[in-house]
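Listed here are the chains, written in short residue letters.
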Amino acid sequence: NLKNCYNKGTVTSRYPVGGMAYSITNSTLEKCFTEGEVYSTETPAGGIAYSISNSTLLECYNKGSVISDSTTTDTTSGAAGISIIFEKSTAEKCFNEGNITGKYNAAGFALKVDDSNLIKCYNKGTIEGRNGASGIIYIGTNTRCNSLYNKGNVTCNSPCAGIIYQANNCTIQQCANMAIINSGVPAGGVAYIVSNSNIIKCYNTGDVYGNSGAGGT
């Protein structure tokens with residue numbers, strides 16, 4: 001377990017990389033943060049870790065830029081503010097304020113979130129993915145999102161959204177997007193693809209631009 005730990009240095013690798021650790025499993029992180037740049041020249045990059053599983057994050061954050069030059073055509077190819085993979089875990093009062101840039105995908109919190117809970121988390125960093133992008137989660141499955149918000153502008157060439165690009169069997173409750181969403185194709189203010197999921201008391205106040213379609217929520 002880690003408490004009151006931090007990294008302010010630059011982390012660079014050609015392999016999957018995280019600002020604090022490569023992988024975090026069966027752990028609790030409390031009031032831990034990263035502020036240095038995290039950069040992977042060929043593979044995914046996460047602000048705190050590449051992968052987080054069976055763990056709890058409390059009041060953790062990233063304020064450093066996260067950059068991935070990976071061009072592999074995969075969901076987990078790209079950059080994210082907290083981690084690339086977040087599974088069977090809980091994050092509460094965590095946030096990203098660093099700018100996130102992925103040559104493929106990009107997200108403010110994580111690219112792939114499975115069987116997890118996100119509570120009172122937010123993103124304020126700009127999110128740019130040459131393929132897909134989302135303010136908080138790129139693809140979420142069996143996940144509960146409560147009281148999340150995005151204030152970082154999101155830009156991509158493929159579909160993107162303010163909170164979650166694709167929700168599969170998720171509950172999205174009391175979440176808000178307050179930033180500009182700009183896509184080369186369709187875009188959504190809160191979500192883009194929703195499958196067997198519930199969206200409850202969510203709203204969008206940001207402008208949404210999609211060259212071939214757009215939706216406020």
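Look up: the structure comes first, before these words.
Thresholds applied
- Each chain carries its own residue numbering, running from 1 in the written order of its sequence.
- pLDDT decides what is reported in this predicted model: residues at 70 or higher carry local features, side-chain atom pairs at 80 or more are listed and counted, and totals for whole chains, interfaces and linings draw on all residues regardless.
- Excluding hydrogens and water, the side-chain figures rest on all heavy atoms present in the structure.
- Any two strands with at least two DSSP-identified bridges between them are counted as paired.
- Secondary structure elements are taken from DSSP: a helix is a run of H or I of four residues or more, a strand is a run of E of two residues or more, and numbering for both begins at the N terminus.
- For this analysis, a nonpolar core means a set of buried residues of the types Ala, Val, Leu, Ile, Met, Phe, Trp, Tyr and Cys, connected via side-chain atoms within 4.5 Å.
- The buried label applies to any residue whose accessible area, calculated with a 1.4 Å probe on protein chains only, is under 20% of its type's maximum; exposed applies above 50%, and partly exposed to all values in between.
- Contact criterion: two residues are considered in contact whenever any of their non-hydrogen atoms come within 4.5 Å of each other.
- Pairing of aromatic side chains here covers Phe, Tyr and the six-membered ring of Trp, requires ring centres within 6.5 Å, and sorts the geometry by plane angle: under 30 degrees stacked, over 60 edge-to-face, intermediate tilted.
- Charge-over-ring placement is defined geometrically: NZ (Lys) or CZ (Arg) within 6 Å of the ring centre, and within 35 degrees of the ring normal.
- Just to be clear on terms, a salt bridge is a Lys or Arg side-chain nitrogen sitting within 4 Å of an Asp or Glu carboxyl oxygen.
- Any two cysteine sulfur atoms within 2.5 Å of one another count as a disulfide.

Some details on the sheet that holds strand 16 (residues 90-92)
Next, step 1: Read across the sheet, eight strands follow the order 1-6-11-16-21-26-31-36 without closing on themselves; strand pairing throughout is parallel. Two strands lie at the open edges of the sheet, namely strand 1 (2-3) and strand 36 (198-200), each paired on one side alone.
Next, step 2: Strand direction decides the pairing type here: strand 21 (residues 117-119) and strand 26 (residues 144-146), joined by three bridges, are parallel. For leucine 118, the partnering residue across the bridge sits in strand 26 and is cysteine 145.

Focus on the sheet that holds strand 7 (residues 33-34)
Next, step 1: Spatially, eight strands are ordered 2-7-12-17-22-27-32-37 in an open sheet, and the strand pairing comes out parallel. Either end of the sheet is taken by a strand with one partner, and the two such strands are strand 2 (6-7) and strand 37 (203-204).
Next, step 2: Strand direction decides the pairing type here: strand 12 (residues 61-62) and strand 17 (residues 95-96), joined by two bridges, are parallel. Bridged to asparagine 62 within strand 17 is asparagine 96.

Concerning the nonpolar core
Next, step 1: Core analysis: the largest hydrophobic core is formed by 30 residues, its most contacted members being Leu57, Phe86, Phe109, Leu118 and Ile172.
Next, step 2: When sequence neighbours within four positions are dropped, the list of residues in contact with leucine 118 reads Phe86, Ala91, Phe109, Val113, Ile136, Ile137, Arg144, Cys145, Asn146 and Leu148.
Next, step 3: If you look at the next biggest cluster of nonpolar residues, it comprises 16 residues, including Val17, Ala106, Ala187 and Val208.

So, the pairing of strand 10 (residues 49-53)
Next, step 1: In terms of burial, strand 10 is a largely internal element, five of the five residues being buried.
Next, step 2: As judged from the four bridges shared by strand 5 (residues 21-25) and strand 10, these two strands associate in the parallel manner. Paired with isoleucine 24 across the two strands is isoleucine 52, which belongs to strand 10.
Next, step 3: Note: strand 10 against strand 15 (residues 83-87), four bridges, orientation parallel. Opposite serine 53, over in strand 15, you have glutamate 87 as the bridge partner.

Quick look at the packing of aromatic side chains
Next, step 1: Applying the stated criterion across every chain yields a total of nine aromatic pairs.
Next, step 2: Measuring from centroid to centroid gives 4.6 Å for tyrosine 138 and tyrosine 165, while their planes differ by 10 degrees, and the two rings are stacked. With tyrosine 138 in strand 25 (residues 137-141) and tyrosine 165 in strand 30 (residues 164-168), this residue pair connects regions lying 27 residues apart in the sequence. Tyrosine 165 shares its class with tyrosine 138; the two are buried.
Next, step 3: Lying across the ring of tyrosine 6, lysine 8 places its NZ or CZ 5.5 Å from the centre.

Some details on the pattern of salt bridges
Next, step 1: Using the criterion set out here, one finds two salt bridges in the structure.
Next, step 2: A salt bridge links glutamate 42 to arginine 14; the nearest nitrogen and oxygen atoms lie 3.5 Å apart. You can see glutamate 42 sitting in the loop between strand 8 (38-40) and strand 9 (45-46) and its partner arginine 14 sitting in the loop between strand 3 (11-13) and strand 4 (17-18), a full 28 residues away along the chain.
Next, step 3: Taking the relative accessible area as the measure of exposure, glutamate 42 reaches 43% and is therefore partly exposed.

Considering the state of the cysteines
Next, step 1: On inspection of all chains with the given rule, the structure shows zero disulfides.
Next, step 2: This cysteine, cysteine 32, is not joined by any disulfide, and cysteine 5 carries the nearest cysteine sulfur, 4.6 Å off.
Next, step 3: Take cysteine 32: its relative accessible area is 1%, and that puts it in the buried class.

Keep in mind these values describe shape, not function.
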